[in-house]
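Examining the three-dimensional arrangement
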Amino acid sequence: MGGWKNPSLRELSEASGMFPALPVFERDPAPPPWGHSLSLGGCHVLVPLGMVLLPLTPTFLSEVEVEVNDSLMRFFDHCAKFVVLVEENDTAMGQVNAFKEGPEMKKVLEKVASALCLPMEELNADLVQVAFLTCSYELAIKNVTSPWCSLFSEEDAKVLEYLNDLKQYWKRGYGYDINSRSSCILFQDIFQHLDKAVEESKSSKPISSPLIVQVGHAETLQPLLALMGYFKDKEPLLATNFARQEQRKFRSGRIVPYAANLVFVLYHCDHANASQHEYQVQLLLNERLLPFLHSNETTSTYTDLKDYYKDILENCHFKEECELPQHNVTAVDEL
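Scope of this entry: the structure provided in the associated data block. (Residues numbered from 1 in each chain as written. Predicted model: local features only at pLDDT ≥ 70, side-chain atom pairs only at ≥ 80, totals over all residues. Heavy atoms only, no water.)

Turning next to unusual backbone geometry. Only a minority of non-glycine residues have a phi that is not negative, and only a minority of peptide bonds are not trans. In this structure, Asn143 is a non-glycine residue whose phi angle is positive, near 55°. Positionally, Asn143 belongs in the loop between helix H7 (125-142) and helix H8 (154-171). Residue classification places Asn143 among the exposed residues on the basis of a relative accessible area of 67%. (Helix = DSSP H or I, 4+ residues; strand = E, 2+ residues; numbered from the N terminus. Buried < 20%, exposed > 50% of the residue type's maximum accessible area, 1.4 Å probe, protein only.)

In structure tokens:
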């Protein structure tokens, strides 16, 4: 997966057709095309830097020059510690497997088996989840109610949603530190682009990359949001606390839905009262402003934002984080 910089108006038009609601893509052909949709009093957009999750269609690829950078956008594939200790380690998904055998899932299996007139031993959690996902895909993508949907009640859906959230939590979220720490290479890359724009602005130079779009998958965005500290519950998601997690923040279907997107918007404020207020940032997740964790406000000075994430920006080193231990330890001990 990769991205493209400095797109032409034609390329922006193509992108806006794919994401008409994404604020950085304004259909007004007059440049700058995003200026009317994002605003901050007394400031103007310097750089919208966005990450979108979408399939790259042949038509889109033929129209836009894309730089493929899998080491950045698929960092998880290049992180040995994650691959060996999480991705390829069955015991890492212990909580997921335990929930599949738990009472909540057993109740759903019994109901589905009865509806299909099948013996229980012919069904398992994975098969039922396939039926549920088929229902959800057709409803979300085609707006069609699949016959598979008739098998599930709202309570069943909550159980199956939790099963998927457990998997995402332990494989891409807060379950293991390496899940999120492996994304620091992408997080630092984002701030390098923003730093460059600030430096060019301060030097009264044209912004060399006024729009940067990076394209990835949910596996790219979910760890990044965890690294930033978003959607973290006080109690970890476990096979045994389904009922207590009814009001949980970590809901992968809402965090990284179809065509999910994360946008950093850097503003230059000409009439700022102090130099540290000259550059401001907003963050949008799925076209909605996301409050910053250090202030609970939807706007932050760029200085404050960098201070909040100083440890990640300065002390998270991909090579060191992803290096496999040289001594003999169990995967559980290392994680």
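So, about the pattern of salt bridges. With the rule as written, the count across this model stands at 12 salt bridges. Ionic pairing is found between Lys171 and Glu87, a salt bridge with its closest N-O pair at 3.5 Å. Highlighted residues: Lys171 in helix H8 and Glu87 in helix H4 (residues 80-87), separated in sequence by 84 residues. With a relative accessible area of 35%, Glu87 lands in the partly exposed category. Close ionic contact of Asp165 with Arg248 constitutes a salt bridge, the shortest N to O distance being 2.8 Å. With Asp165 in helix H8 and Arg248 in the loop between helix H11 (218-227) and helix H12 (252-255), this pair connects stretches of sequence that are 83 residues apart. For the pair Asp165 and Arg248, a shared accessibility class is recorded, and that class is buried. Residues joined by salt bridges that share partners form a network here, namely Glu161, Asp165, Arg248 and Arg251. (Salt bridge = Lys/Arg side-chain N within 4 Å of Asp/Glu carboxyl O.)

None of the figures reported here should be taken as evidence of function without further support.
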